[in-house]
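What follows is each chain in one-letter form.
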Amino acid sequence: MAPRTWLSIDGLHAGDVVGILEDGTATLPLTEQAVMVQLPSGLQLVDDDEVTGWTVVCSCTSSWDAPRWARNFDGGQADPERRVDGLRAGHPCNPSVTVAEALWKAWKAHSDREVAVTELHAARRAHEETARRLANAVAASRAIELQLSWAEIGSAVGTSKQAAHERWGRVKTGAGQ
Ligand SMILES: [Zn+2]
């Protein structure tokens, strides 16, 4: 599986597989091309054999525990328990399918949760906006010149006269906000 950017459905999360160097530095997203790291002095090319592991990063700012896999230069099978995968020196450092899928699953779990939270916030904002609009409409309909009854207001908004009065009875006429 060639690493590529994964995108959440709301477009706010972009996940990329990166390499980890011996000192813990993360590389730029791994591609089929050269492995690079971003240093203060600029981009620097890294030899594939300097990559000692893999992890996944997300474009968002939320912190989450991305799994880190270590590279076993002696080769051997992927060990999901210890998060170690074998890849001898002298090979392109792209992760194996096992590692890439594990990283994708972790990133997907992270982004799915964040997407759900983002939607909750958006729904709450929409809900509050609607409540403000309704209160303003009730206040306007209770204005001196109109004086709609609580029964009329209740009927219009699909509730009883009593419920309408209880909910908006203390809303000052003409109170804009
Ligand atoms: Zn994210």
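Keep in mind the model is a prediction, meaning the values are calculated, not measured. (Residues numbered from 1 in each chain as written. Predicted model: local features only at pLDDT ≥ 70, side-chain atom pairs only at ≥ 80, totals over all residues. Heavy atoms only, no water.)

Chemist: What is the right way to read the pattern of salt bridges from this model?
Modeler: Close approach of charged atoms allows side chains of opposite charge to pair. For the structure on display, the rule yields 5 salt bridges. Residue lysine 108 pairs with aspartate 112 through a salt bridge whose shortest N-O separation is 2.9 Å. Placement of both lysine 108 and aspartate 112 in helix H1 (residues 97–141) is noted, with a separation of 4 residues, approximately one turn of the helix. (Salt bridge = Lys/Arg side-chain N within 4 Å of Asp/Glu carboxyl O. Helix = DSSP H or I, 4+ residues; strand = E, 2+ residues; numbered from the N terminus.)

Chemist: Explain the domain arrangement of the chain here, please?
Modeler: A common way to report how large an interface is uses the accessible area buried once the components associate. Domain annotation for the chain reports domain 1 (6–118) and domain 2 (122–168). Between domain 1 and domain 2, the C-alpha centre-to-centre distance is 53 Å. (Domains from an automatic or database assignment.)

Chemist: What's the story with the coordination of the zinc ion in this structure? I'm lost.
Modeler: Where a metal carries four tetrahedral donors, each ideal angle is 109.5 degrees; where it carries six octahedral donors, the ideal angles are 90 or 180 degrees. Donor atoms from the polypeptide that bind the zinc ion are His13 (ND1), Cys58 (SG), Cys60 (SG) and His110 (NE2), placed at 2.1 to 2.3 Å. Each of the 4 donor atoms around the zinc ion contributes to a set of angles spanning 103 to 116°, which defines the coordination as tetrahedral. Sequence spacing of the donor residues for the zinc ion, all on one chain, is H-x44-C-x1-C-x49-H. With a gap of 97 residues between them, histidine 13 in the loop between strand E1 (6–7) and strand E2 (14–21) and histidine 110 in helix H1 connect regions that are remote in the sequence. Residue classification places histidine 13 among the buried residues on the basis of a relative accessible area of 4%. Given the relative accessible area of 7%, histidine 110 is considered buried. (Donors = N, O, S within 2.8 Å, 3.2 Å for Na, K, Ca; no water. Tetrahedral: all angles 85-135°; square planar, octahedral: opposite > 155°, others 65-115°. Buried < 20%, exposed > 50% of the residue type's maximum accessible area, 1.4 Å probe, protein only.)

Chemist: I'm lost on helix H2 (residues 150–157) in this one. Help?
Modeler: Since there are 3.6 residues in each turn of an α-helix, residues three or four apart along the chain are aligned in direction. Trp150, Ile153 and Gly154 are the residues of H2 that are buried. Projected down its long axis, H2 carries its buried residues within an arc of 100°, all on one side. Pointing more than 90 degrees away from the buried face of H2 are the exposed residues Ser155 and Ala156. Where H2 terminates, the next one or two residues include glycine 158, which has phi positive at roughly 80°. (Arc of directions from axis to C-beta.)

Chemist: Any chance you could explain the side chain of aspartate 85 here in plain terms?
Modeler: As for its placement among the helices and strands, aspartate 85 is situated in strand E8 (residues 84–86). The charged side chain of aspartate 85 is buried without a salt bridge, its nearest counter-charge being arginine 71 at 9.1 Å. Within the structure, the side chain of aspartate 85 is placed 3.2 Å from the backbone nitrogen of alanine 78, a separation counted as a polar contact. (Lys, Arg positive; Asp, Glu negative; His and termini not counted. Polar contact = N/O pair within 3.5 Å; in protein donor to acceptor, adjacent residues only side chain to side chain.)

Chemist: Explain the nonpolar core to me, please; I cannot follow it from the model alone.
Modeler: Generally speaking, a soluble globular protein has its nonpolar side chains buried in company with each other. Formed by 18 residues in total, the largest nonpolar core has its most connected members in Trp6, Leu30, Val35, Val51, Trp54 and Leu103. At the level of secondary structure, the elements contributing two or more residues to this core comprise E2, strand E4 (35–39), strand E6 (51–58) and H1. With 4 residues, E6 is the largest single contributor of residues to this core. If we ignore the near neighbours within four places in the chain, the residues touching tryptophan 6 are His13, Ala14, Gly15, Val17, Val56, Ala100, Leu103, Trp104 and Trp107. Of all hydrophobic cores here, the second largest spans 6 residues; its members include Ala135, Val138, Trp150 and Ile153. (Core = buried A, V, L, I, M, F, W, Y, C linked by side-chain atoms within 4.5 Å. Contact = heavy atoms within 4.5 Å.)

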